[in-house]
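Below, each chain spelled out in residue letters.
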Amino acid sequence: MTGKQQLIRSNLRHRKRSLRLKITAMPNSNSPGLVLEKQEAKTKPPPMYQVVLLNDDYTPMEFVILVLQKFFKMGREKATHVMLKVHREGKGICGLFPRDIAATKVEQVCSFARQHQHPLQCVMEEA
Ligand code: TYC
């Protein structure tokens with residue numbers, strides 16, 4: 001399943017849960033009883049997280065491009081563009097995900113970088 005499909009699924013799940021019934025007693029009514037009302041739950045959609053890549057002086061540019069292609073499904077051109085943005089500005093966004101997926105991406109990128117002895121850092125930030 002792609003990241004986009006997972007996001008749509010999690011939004012659907014959220015929407016299903018957001019309809020609830022409000023039960024109100026009618027103390028002033030002649031006919032005592034309860035009123036059932038459909039009500040939108042006052043819940044916020046779950047927060048989304050940006051996965052952010054940080055610059056350093058040692059990780060090769062080609063390795064960063066590979067990371068963006070492998071873990072964020074970018075084409076070479078987009079990956080090069082994002083890598084150069086991180087290189088010039090200090091950080092750059094790789095994607096926007098629900099919390100668990102963002103945390104998994106961060107773990108995968110950091111572990112892949114460590115396996116190859118590069119100091120590349122990746123973090124998540126609430127959007
Ligand atoms: N600054 C690195 C270099 O000059 C390249 C680099 C880009 C490193 C992006 C990390 O997230 C990064 N080799």
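Keep in mind that what you see is a predicted model, and the values were worked out from it rather than measured. (Residues numbered from 1 in each chain as written. Predicted model: local features only at pLDDT ≥ 70, side-chain atom pairs only at ≥ 80, totals over all residues.)

## Details of the environment of leucine 120
Note the cut-off: A run of H or I in DSSP counts as a helix once it spans at least four residues, and a run of E counts as a strand once it spans at least two, with each numbered from the N terminus. Residues with at least 20 other C-beta atoms within 10 Å of their own are called buried, those with 12 or fewer are called exposed, and the rest are partly exposed. The C-beta atoms themselves are positioned from the backbone. We call two residues in contact when their backbone-placed C-beta atoms lie within 7 Å.
Its place among the elements puts leucine 120 in the loop between helix H4 (99-115) and strand E5 (121-126). Here leucine 120 falls in the buried class, since 21 other C-beta atoms lie within 10 Å of it. When the C-alpha atoms of leucine 120 and phenylalanine 63 are compared, they prove to be 9.3 Å apart, with 57 residues separating the residues in sequence. In this structure, leucine 120 is in contact with Asp56, Thr59, Val64 and Ala113, ignoring residues within four places of it in sequence.

## Looking at the site of the ligand
Threshold: Nearness here is judged by the C-beta atom: place it from the backbone, and if it falls within 6 Å of a molecule or strand, the residue counts as near that partner. Residue polarity is assigned by list, with Asp, Glu, Lys and Arg as charged and Ala, Val, Leu, Ile, Met, Phe, Trp, Tyr, Cys and Pro as nonpolar; anything else, Gly included, falls into the polar class.
The ligand sits among 13 residues. The nearest are Leu53, Thr59, Val64, Val86 and His87. Breaking the shell around the ligand down by element, the ones donating at least two residues are strand E3 (48-54), helix H2 (61-72) and helix H3 (76-89). For the shell around the ligand, the leading source of residues is H3, giving three residues. For the shell around the ligand, the residue count by class is eight nonpolar, three polar and two charged.

Shape descriptors only; they carry no functional weight alone.
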